[in-house]
Structures are given as structure tokens and as C-alpha cells.
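Chain and residue survey
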Amino acid sequence: MQDPKRDDWEKNRQRTNSYVRYSSLAFQMLGTILVFTYAGYKLDEWQENKVPVWTLVLSLSSIAGSLYMFIRGLPKN
């Protein structure tokens, strides 16, 4: 027979681990999108483009890549 306090502690630990994993994934996604969007902005600025082609391409690519990483990071139940 297990100690009830031990069971509560295990449940809290599992919740905390899930919270940390998904919040770190969110920050990773945000960072990836921001870096690629900024790089696209700077490329458009450097090439003096009237239409922000690089900003659009790199920001959309980073969103797709971030979603792919998120889906891969989901638990496989």
C-alpha cells in the first residue's frame, strides 16, 4: 500500500513536468518565429524591396517549421 502523500507528490510532479515541457516548447516556437521574421525583415531592408518578400517567406516558413516541431513533440498515445 502506497502512502497517499507520495501519490499526491507524483501527480504534482507529472503536472509540473508537462507544464515545463509545453511552456518551453512555446518559447522555442516564439523564438524561432521571431528570429526568422527579423532575418527576413533585415534581408528586405538590405535589398530595398518594396514588397517584403523575404519577411513573408521566412515568417511563414518559421511558422510551418514551428508547427512541425510542436506536432513531433506531442506525446504518442
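See the structure printed just above.
Residues numbered from 1 in each chain as written. Predicted model: local features only at pLDDT ≥ 70, side-chain atom pairs only at ≥ 80, totals over all residues. Heavy atoms only, no water.

Things to note about the environment of Phe36
Stated precisely, the cut-off is as follows: Where helices and strands are cited, they refer to DSSP runs of H or I of at least four residues and of E of at least two residues respectively, numbered from the N terminus. Classification of residues uses two cut-offs on accessible area relative to the type maximum, computed with a 1.4 Å probe and protein chains only: under 20% is buried, over 50% is exposed, and between them is partly exposed. Only heavy atoms matter for contacts: two residues are in contact if any of them lie within 4.5 Å across the pair.
Positionally, Phe36 belongs in helix 1 (residues 4-47). For Phe36, a relative accessible area of 39% translates into the label partly exposed. Counting along the chain gives 21 residues from Phe36 to Val57, while the straight-line C-alpha distance between them is 9.3 Å. Contact partners of Phe36, with chain neighbours within four places excluded, come to Leu58 and Ser62.

Concerning the side chain of Ser59
Cut-off, in case you're wondering: In protein, a polar contact requires one atom able to donate a hydrogen and another able to accept it; more generally it is a pair of N or O atoms within 3.5 Å, and residues adjacent in sequence count only if both atoms are side-chain atoms.
Structurally, the position occupied by Ser59 is in helix 2 (residues 53-73). Judged by relative accessible area, Ser59 falls into the buried class, the value being 13%. Side-chain polar atoms of Ser59 contact the backbone oxygen of Leu56, separated by 3.2 Å. In this structure, Ser59 is in contact with Thr37 and Trp54, ignoring residues within four places of it in sequence.

Some details on the pattern of salt bridges
Spelled out, the test is: We define a salt bridge as a side-chain nitrogen of Lys or Arg found within 4 Å of a carboxyl oxygen belonging to Asp or Glu.
Scanning the model with the defined rule gives one salt bridge in all. Glu45 is the salt-bridge partner of Lys42, the closest N and O atoms lying 3.1 Å from each other. Taken together, the residues span about one helical turn, with Lys42 and Glu45 both in helix 1 at a distance of three residues. The exposure class assigned to Glu45 is partly exposed, which follows from its relative accessible area of 43%.

Some points on the side chain of Thr55
Within the secondary structure, Thr55 is located in helix 2. We classify Thr55 as buried; its relative accessible area is 17%. Of the polar contacts made by the side chain of Thr55, one reaches the side chain of Asp44; its length is 2.7 Å. Thr55 has contacts with Thr37, Gly40, Tyr41 and Asp44, leaving out every residue within four places of it along the chain.

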